Amino acid sequence: MRIGLIAGPWIPIPPVTYGGIERVVDTLARGFLAAGHEVLLAAPTESACPVPLVPGMRPASRDDLGLTMSELSHVIRAYKGLQDVDVIHDHTLAGPLYAGRPANVPVVTTIHGPLHKEAEDLYRAMARNVAIVAISRDQASHAPEVPVTQVIHHGMDVSAVPVGSGRGGYLCFVGRACHDKGLLEAITIARRAGMHLKIAVKMKEPDEIRYFREVIEPMLGPNEDFVGEVDDAAKYRLMGEAAAFLNPIQWSEPFGLVMIEALATGTPVIGTRIGSAPEIVEHGRTGFLGQLEELPGFVEAAPGLSRERCRASVEERFSAQRMVAQHLRLFDDLLAGRLPGGVPVTPPVHQNR
């Protein structure tokens, strides 16, 4: 197949530090290429992913992160350069609604964000002629009227991720500086458990800086070590030597990529039973999930879990190979007409609550 991939305009592929969606796009591009397919990637010009880039794209515009005009301009250029592919996998929000898409080229889009009411309206409109991928059953369950074609969990290449010893004598938190990610809660959990906490967070957007300065910074004391934003090598070292990874999220996160990254280093996850977490963490085997007040009590038991099992759970359930293969089967179905006209025919997947 000739596969067109469209990433967002704001972060290169792969990202140097923060960028969960961009990591997934990079993994897919490399996986499609390794499987023998041609890949053409629409992404910022400084992207280092080893596949051909769509010509005429612009450099990354991180200062415009989330701005509609920036994405629309990017989408127009992307589709202009993807006229001769067999299928397009679009990871933007605006792209599948663009009227200038090449005729007779099926489009697949992945929902990376929460399915709130406004997003539900957009994806219901897209579903008339676009195949829709959800990244967790929980995500799909929040908008039962959106006809999700398939749920495909994210995956990652674990070959370059070392398994740590877990003997660093600390807990760790990696994420963004915002209320939803549960950094404030992680500080409280570590203190109640009597464990040192190492914190690595992205703090570049105005809201993130304001949250950190106003909420987190006044809380920091001798029990916390703030290490800032880190690259992959430093992140995996930080995770791998931690006794446990804290993920007390405060929102229904569609898929917590950081959880499988921690598990890949052998480190169990302790977090709230919200969003996709129950689909990722095996309670009592690769971590512990519960109500916020329960989490400090799990810290003592975490080092007793098998680090080999944590790593194996990613290799078995969240590998790059599995994610790539599921997407390729979906593309095959579209091109073979098993999803007539590119319109999803599989009913949405829901999770009972």
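Predicted model only: the values in this text are computed from it and were never measured. (Residues numbered from 1 in each chain as written. Predicted model: local features only at pLDDT ≥ 70, side-chain atom pairs only at ≥ 80, totals over all residues. Heavy atoms only, no water.)

What follows concerns a nonpolar patch on the surface. Taken together, L93, L97 and L122 make up a surface patch of nonpolar side chains, about 220 Å² in accessible area. Considering the arrangement of structural elements, one finds L97 in the loop between β3 (87-90) and β4 (107-110). Exposure remark for L97: the relative accessible area of 43% places this residue in the partly exposed category. (Patch = residues over 30% accessible without salt bridge, like charges linked within 9 Å, V, L, I, M, F, W, Y side chains within 5 Å. Areas by Shrake-Rupley, 256 points an atom, 1.4 Å probe, with all protein chains shown as cover. Salt bridge = Lys/Arg side-chain N within 4 Å of Asp/Glu carboxyl O. Helix = DSSP H or I, 4+ residues; strand = E, 2+ residues; numbered from the N terminus. Buried < 20%, exposed > 50% of the residue type's maximum accessible area, 1.4 Å probe, protein only.)

Attention shifts here to the pairing of strand β8 (residues 196-202). Counting buried residues along β8, five of its seven residues qualify, which places the element largely inside the surrounding structure. Here strand β7 (residues 170-176) runs beside β8; their pairing, made up of seven bridges, is parallel. Looking at the pairing, L171 lines up with L197 of β8. Between the parallel elements β7 and β8, the chain passes through helix α5 (residues 183-193) in a crossover that is right-handed. (Pairing = 2+ DSSP bridges. Right-handed = clockwise from strand over helix to strand, strands pointing away.)

Before going further, it helps to examine the pattern of salt bridges. Oppositely charged side chains can pair when the atoms bearing their charge come close. The tally for this structure, following the rule as stated, stands at 19 salt bridges. Here E205 ties to K202 by a salt bridge, and the two come within 3.4 Å at their closest N and O atoms. In this structure, E205 and K202 share a single accessibility class: buried. Here E316 makes a salt bridge to R309, at a shortest N to O gap of 3.0 Å. Overlapping salt bridges, with partners in common, bring together R23, D232, K235 and E261 in one network.

It is worth spelling out the layout of surface pockets at this point. Its volume calculated, the second largest pocket comes out at about 490 Å³. Together, 20 residues line the second largest pocket, and D26, T27, D157, D232 and Y236 are the ones closest to its centre. By residue class, the composition of the lining of the second largest pocket is ten nonpolar, four polar and six charged. (1 Å grid on protein atoms, 1.4 Å probe; cavity = no way out; pocket = protein on both sides within 12 Å on 5 of 7 lines; lining within 4 Å. Points joined across faces, edges and corners; volume = space filled by probe spheres on them. Nonpolar A, V, L, I, M, F, W, Y, C, P; charged D, E, K, R; others polar.)

This brings us to the packing of α5 against helix α6 (residues 206-216). It is the contact of α5 with α6, at a shortest axis distance of 11 Å, that shows an interaxial angle of 35°. The segment α5 lies against α6, with L183, L184 and I187 engaging Y211, V215 and I216. Of the residues belonging to the contact of α5 with α6, the class tally is six nonpolar, no polar and no charged. (Axes fitted to C-alpha atoms, helices over the stretch in contact; angles between N-to-C directions. Contact = heavy atoms within 4.5 Å.)

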